[in-house]
Amino acid sequence: MSYNLLKGKKGIIFGALNAESIAWKVAEKAYEEGATIVLTNTAMALRMGETQKLAEKLNTKVIAADATNVEELKNLFEESIETLGGKIDFVLHSIGMSPNVRKGHEYDALNYNYLTKTLDVSAISFHKMMQVAKEMDAINEWGSIVALSYVAAQRTFDGYGDMADAKALIESIARSFGYVYGRDKKVRVNTVSQSPTPTTAGSGVNSNHCRKWSKRIYRLS
Ligand SMILES: NC(=O)c1ccc[n+]([C@@H]2O[C@H](COP(=O)([O-])OP(=O)(O)OC[C@H]3O[C@@H](n4cnc5c(N)ncnc54)[C@H](O)[C@@H]3O)[C@@H](O)[C@H]2O)c1
């Protein structure tokens, strides 16, 4: 059932790769609640994934952007404002990727080039996206920016590897940029800590530890 909670709001949603993606479900809900949105992902993901299918379903446009590339982010915000007919009210950063986790490098055998990539894609891209948006004054007052985090930012999970460092960093960026963006432009910045979910990025989460963690939460509740 829809309550038109986002009627008249304009949003950019990063990270819908396929129907399992968290961003995919958020985009469907936002559309259902009356928002107009633009979808974005890397050119490679747009070739390999199903984002275009979602765009057709939600009657919207897909704009390619690598979230680590400042020039592509500038173009994304420009085109989105043009497409949506005004400044942006909300942005979802639903991006994560660790070459170390993908290639099975344990935390005590990290490849440091991969670590740099993990941090850039999964955390620093959040800063880049907000810095570009703020410089362009692309977000309306009281707009909202949300990124996805994980409890591994605070606690140790075997197998989550350097993504734990990326999540600690993204939460820190949310606090620091949230202070500045709120003070200067009244834009809100938050992270949501997602529970383990079977998605392409989520396949890096060690399911045994997730099960143990869920049991522990269950025992504590
Ligand atoms: N699935 C889980 O269990 C879980 C738990 C906690 C947090 N999260 C977080 O949720 C977010 C979304 O992940 P998901 O589980 O939906 O997986 P997903 O694989 O569906 O989404 C990750 C997205 O990041 C995109 N991406 C990768 N590199 C990019 C780049 N350079 N520029 C722009 N986009 C890029 C991918 O194309 C993909 O669409 C991530 O931040 C992830 O860490 C997931």
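See the structure shown above.
Here goes a summary of the coordinates provided. These figures come from a predicted structure and were not determined experimentally. (Residues numbered from 1 in each chain as written. Predicted model: local features only at pLDDT ≥ 70, side-chain atom pairs only at ≥ 80, totals over all residues. Heavy atoms only, no water.)

## Here's the deal with the pattern of salt bridges
Working step 1: Summed over all chains, the structure comprises ten salt bridges.
Working step 2: Linking Glu50 and Lys53 is a salt bridge whose minimum nitrogen-to-oxygen distance equals 3.4 Å.
Working step 3: For Glu71, the salt bridge is made with Lys74, and the minimal N-O distance between the two is 3.4 Å. You can see Glu71 and its partner Lys74 sitting in helix H4 (residues 70-84), three residues apart, about one turn around the helix.
Working step 4: Salt bridges sharing common partners tie together Lys87, Asp137 and Lys185. (Salt bridge = Lys/Arg side-chain N within 4 Å of Asp/Glu carboxyl O. Helix = DSSP H or I, 4+ residues; strand = E, 2+ residues; numbered from the N terminus.)

## Observations regarding the site of the ligand
Working step 1: Around the ligand sit 27 residues, and of these Ser21, Asn41, Lys167, Thr197 and Thr199 come closest.
Working step 2: Gly15 is positioned such that a nitrogen or oxygen atom in its backbone is 2.9 Å from an oxygen atom of the ligand.
Working step 3: With respect to the ligand, the side chain of Thr199 contributes an N or O atom lying 2.4 Å from an oxygen atom.
Working step 4: Isolated, the ligand exposes 820 Å² of accessible area, and the fraction of that covered by the protein chains is 94%.
Working step 5: Counting only elements with at least two residues in the shell around the ligand, the list comes to strand E5 (139-149) and helix H7 (163-185).
Working step 6: Across the shell around the ligand, the residue classes break down as twelve nonpolar, 13 polar and two charged. (Near = heavy atom within 4 Å. Polar contact = N/O pair within 3.5 Å; in protein donor to acceptor, adjacent residues only side chain to side chain. Areas by Shrake-Rupley, 256 points an atom, 1.4 Å probe, with all protein chains shown as cover. Nonpolar A, V, L, I, M, F, W, Y, C, P; charged D, E, K, R; others polar.)

## Digging into the environment of Tyr179
Working step 1: Its location among the elements puts Tyr179 in helix H7.
Working step 2: A relative accessible area of 54% means that Tyr179 is categorised as exposed.
Working step 3: Taking the C-alpha atoms as reference points, Tyr179 and Val189, ten residues apart in sequence, are found 8.3 Å from one another. (Buried < 20%, exposed > 50% of the residue type's maximum accessible area, 1.4 Å probe, protein only.)

## Let's talk about the side chain of Ser122
Working step 1: Secondary-structure assignment places Ser122 in helix H6 (residues 112-136).
Working step 2: Polar contacts involving the side chain of Ser122 include one to the main-chain amide nitrogen of Met97, which spans 3.0 Å.
Working step 3: The contact partners of Ser122, leaving out residues within four places of it in the chain, are His93, Ile95, Gly96, Met97, Met163, Ala166 and Ile170. (Contact = heavy atoms within 4.5 Å.)

## With respect to the environment of Met44
Working step 1: Its location among the elements puts Met44 in helix H2 (residues 43-48).
Working step 2: We classify Met44 as exposed; its relative accessible area is 51%.

## Focus on the nonpolar core
Working step 1: Counting residues in hydrophobic clusters, the biggest one holds 32 residues, and the most contacted among them are Phe77, Phe126 and Ile145.
Working step 2: Mapped onto this core, the elements with two or more residues apiece are strand E1 (10-14), H4, strand E4 (88-93), H6, E5 and H7.
Working step 3: It is H6 that provides the largest number of residues to this core, a total of seven residues.
Working step 4: Excluding anything up to four places from it in sequence, Phe126 contacts His93, Ile145, Val146, Ala147, Ile170, Ile173, Ala174, Val189 and Asn190.
Working step 5: Counting 16 residues, the second-largest nonpolar core is a separate cluster that includes Ala27, Ala30, Leu54 and Phe90. (Core = buried A, V, L, I, M, F, W, Y, C linked by side-chain atoms within 4.5 Å.)

## Overview of the sheet that holds E4
Working step 1: The six strands are arranged E3-E2-E1-E4-E5-E6 in an open sheet whose pairing can be described as parallel. Of all the strands in the sheet, just strand E3 (61-64) and strand E6 (188-193) have a single pairing partner and so form its edges. In this sheet, adjacent strand axes meet at a mean angle of 20 degrees when their direction is disregarded.
Working step 2: Bridge count for E1 against E4 is four bridges, and the pairing is parallel. Within E4, the residue paired with Ile12 across the bridge is Val91.
Working step 3: Running over the sheet, H4 touches E1, strand E2 (36-41), E3, E4 and E5 and is turned about 145 degrees from E1.
Working step 4: Seen against the sheet, H7 touches E4, E5 and E6 and runs at an angle of roughly 175 degrees to E5. (Pairing = 2+ DSSP bridges. Axes fitted to C-alpha atoms, helices over the stretch in contact; angles between N-to-C directions.)

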